[in-house]
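# Chain and residue survey
Now for the letters of each chain:
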Amino acid sequence: MQFRRILKELDWGVLANVFLIIIIGLVLIASATRVTSSEGTDILGLAKNQLLWVFTGLLLMFGIMYIPYDDFPRYAKFLYIFNLIMLGAVLFAGREALGAQRWIKIGPFSLQPSEFAKDIITITLANYLSTRQGQIEKIGDFIRVFIHIGIPMILILKQPDLGTSLVFLAITFAELYVAGANRKLLFSLFGGGFALAVGWIALHLYFPQIWIPLKDYQLNRLIIFLDPWKDVQGAGYHVIQSQIAIGSGGFWGKGLFQGSQNQLNFLPEQHTDFIFSVLGEELGFIGASVLLVLFLTLFWQLIRIGQQAKDVLGILLVAGVVAKLAFHMFINIGMTSGIMPVTGIPLPFVSYGGSAMWSNLISIGIVLNVYLRRKKLTF
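Predicted, not measured: the structure shown is a model, and the values here were computed from it.

Across its full length, the protein holds 14 helices and three strands. Burial statistics for the protein: of 379 residues in total, 50% are counted as buried. Sequence-distant contacts in the protein: of pairs separated by 6 or more residues, those separated by 24 or more amount to 72%. Summed over all atoms, the accessible surface of the protein reaches about 17,600 Å², with 68% contributed by carbon and sulfur.

This is the structure we're talking about:
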């Protein structure tokens, strides 16, 4: 009976939009991995794996919808501690890949805890700020918030995972803004922090003896986007090949499974971080525009749900989710187009990856939870 009630009250427009984006992702993954699959293996293997992640992610989505979000504060401390334990475990028992230690192997699966940390921080920070609406006025109030997100951020930076740390900041800024924090101080702190980071990097470039909390490859990624042709075969290779792929797609694209950059295996990480490049080459400007419209429509739908929320907690939860997904989309498309540094942030619902898919569907479940309980319902 409860499940039927949930199905009846769902915002099916949001789900339809998400499903369309997922379908585009599955097709692109199949195309991106067609030539990288070894001889004799199923060329749709990774696409089928992704479909499995989608189905299991839907179970998690409905699971998070089933628990009234009004009860989230009851579990906030447990979630926060669990988050720290999970991220700490990665540092001691994590599996290393591509120069980073971000994954924990559980049976045949490898999970990335930092993906779920985004949803946990969305919930715990929303809970913290919902009881302090309009009370974040002084620097001390902001410091408490930064301590709340800072502890898990340090553990994530140790992996190292700069991209997820930046997502944390996007979620924090959005929730603080919606919670009515002192706007002048809020913009000053984030603007000043950005200027400090840029200045610190610049000083390190001129005076290498100055310590900076970034690996060499991370530093190269942050600066090479200004002129990737300085290191064609090194740090600039990803960006150059991605730009070639997108530019060669033209208006209509070369057609599905016809992308030369992809099929000749010039494009790196084509099924994960650089899957938008596959879209640009094979489906061109039209295909890229369709995906962007779907994303923008989704964000509009989520914001509308936030406006209908019955309380501050609901509004903050939606704000955190929108900030997370929008930041992911903006940074991923920006880095593949060469207008943002390469940070390894996947494109929501499109890039291959089980942990990211689960996390994104959990995020949608959180918003739909708010929508279901925008008015008093008897569950």
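This is not the end of the story, as more comes after the structure.
Glancing now at the packing of aromatic side chains. All told, the structure shown has twelve aromatic pairs when counted by the stated rule. One aromatic cluster is present, built from ring pairs that chain together Phe-142, Phe-146, Phe-173, Tyr-177, Phe-187 and Phe-190. Lying over the aromatic face of Tyr-177, Arg-183 brings its terminal NZ or CZ to 3.8 Å of the ring centre. Residue placement shows Arg-304 over the ring face of Trp-300; its charged tip is 5.4 Å from the ring centre.

Further remarks concern the UniProt feature "transmembrane region" (unreviewed entry) in the protein. Taken from the UniProt record, the annotation "transmembrane region" (unreviewed entry) applies to residues 12-30, 51-69, 75-94, 162-178, 185-207, 283-300, 312-331 and 351-372. Along residues 312-331 one finds 100% helix and 0% strand; the C-alpha atoms at either end are 28 Å apart.

This part is about the pattern of salt bridges. Across all of its chains, the model carries seven salt bridges by this definition. A salt bridge links Asp-70 to Lys-310; the shortest N-O distance between them is 3.3 Å. Residue Asp-70 is located in the loop between helix H3 (45-66) and helix H4 (72-93), and its partner Lys-310 is located in the loop between helix H12 (275-308) and helix H13 (312-337); the two are separated by 240 residues in the primary sequence. We classify Asp-70 as partly exposed; its relative accessible area is 33%. Here Lys-324 makes a salt bridge to Asp-119, at a shortest N to O gap of 3.1 Å. Of this pair, Lys-324 sits in helix H13 while Asp-119 sits in helix H5 (residues 113-130), placing them 205 residues apart in sequence. Asp-119 matches Lys-324 in its accessibility class, with the two residues each being buried.

We now examine the side chain of Arg-373. Structurally, Arg-373 is set in the segment after helix H14 (354-372). One buried charged residue, Arg-373, remains without a salt bridge, the closest side chain of opposite sign being Asp-70 at 4.9 Å. Polar side-chain contacts of Arg-373 include one of 3.0 Å to the backbone oxygen of Met-65.

Here the phi dihedral of Phe-349 falls at roughly 65°; this positive angle occurs in a residue that is not glycine. Position of Phe-349 among the secondary structure elements: in the loop between H13 and H14.

Take a probe with the size of a water molecule and roll it over the atoms, and the empty space left behind shows itself. By volume, the largest pocket amounts to about 1,800 Å³. Along the wall of the largest pocket there are 42 residues; nearest its centre are Leu-162, Leu-166, Leu-169, Gly-193 and Ala-197. Going through the elements one at a time, helix H6 (139-157), helix H7 (162-178), helix H8 (183-206), helix H9 (216-224) and H13 are the ones with two or more residues in the lining of the largest pocket. Examining the composition of the lining of the largest pocket, we find that ten residues originate from one element, H8, more than from any other. Partitioning the lining of the largest pocket into residue classes produces 35 nonpolar, five polar and two charged.

Ranked by size, the top nonpolar core spans 87 residues in total, and within it Leu-129, Leu-302, Leu-317, Leu-347, Phe-349, Ile-364 and Leu-368 carry the most contacts. With twelve residues, the top contributor of residues to this core is H12.

In this section: the environment of Phe-295. Its place among the elements puts Phe-295 in helix H12. Exposure remark for Phe-295: the relative accessible area of 1% places this residue in the buried category.

At a closest axis distance of 9 Å, the pairing of H4 and H6 adopts a crossing angle of 20°. Taken together, the axes of H4 and H6 lie roughly parallel to each other. Between H4 and H6 the crossing geometry is left-handed. For the pair formed by H4 and H6, the contact residues are Tyr-80, Asn-83, Leu-84, Leu-87, Gly-88 and Leu-91 on the first element and Ile-147, His-148, Ile-151, Pro-152, Leu-155 and Ile-156 on the second.

A word on the environment of Thr-272. When you line up the elements, Thr-272 lands in the loop between helix H11 (260-263) and H12. Here Thr-272 falls in the buried class, since its relative accessible area comes to 15%. Separated by 80 residues in the primary sequence, Thr-272 and Tyr-352 place their C-alpha atoms 5.0 Å from one another. Those residues within four positions of Thr-272 in sequence are excluded, and the remaining contacts are Ser-351 and Tyr-352.

Cut-offs used in this document
Residues numbered from 1 in each chain as written. Predicted model: local features only at pLDDT ≥ 70, side-chain atom pairs only at ≥ 80, totals over all residues. Heavy atoms only, no water. Helix = DSSP H or I, 4+ residues; strand = E, 2+ residues; numbered from the N terminus. Buried < 20%, exposed > 50% of the residue type's maximum accessible area, 1.4 Å probe, protein only. Contact = heavy atoms within 4.5 Å. Areas by Shrake-Rupley, 256 points an atom, 1.4 Å probe, with all protein chains shown as cover. Phe/Tyr/Trp six-rings, centres within 6.5 Å; stacked < 30°, edge-to-face > 60°. Lys NZ or Arg CZ within 6 Å of the ring centre and 35° of its normal. UniProt positions renumbered as here; feature names shortened; annotations may be inferred. Salt bridge = Lys/Arg side-chain N within 4 Å of Asp/Glu carboxyl O. Lys, Arg positive; Asp, Glu negative; His and termini not counted. Polar contact = N/O pair within 3.5 Å; in protein donor to acceptor, adjacent residues only side chain to side chain. 1 Å grid on protein atoms, 1.4 Å probe; cavity = no way out; pocket = protein on both sides within 12 Å on 5 of 7 lines; lining within 4 Å. Points joined across faces, edges and corners; volume = space filled by probe spheres on them. Nonpolar A, V, L, I, M, F, W, Y, C, P; charged D, E, K, R; others polar. Core = buried A, V, L, I, M, F, W, Y, C linked by side-chain atoms within 4.5 Å. Axes fitted to C-alpha atoms, helices over the stretch in contact; angles between N-to-C directions. Parallel < 35°, antiparallel > 145°, perpendicular 65-115°, else oblique. Left-handed = near helix turned anticlockwise from the far one by under 90°.

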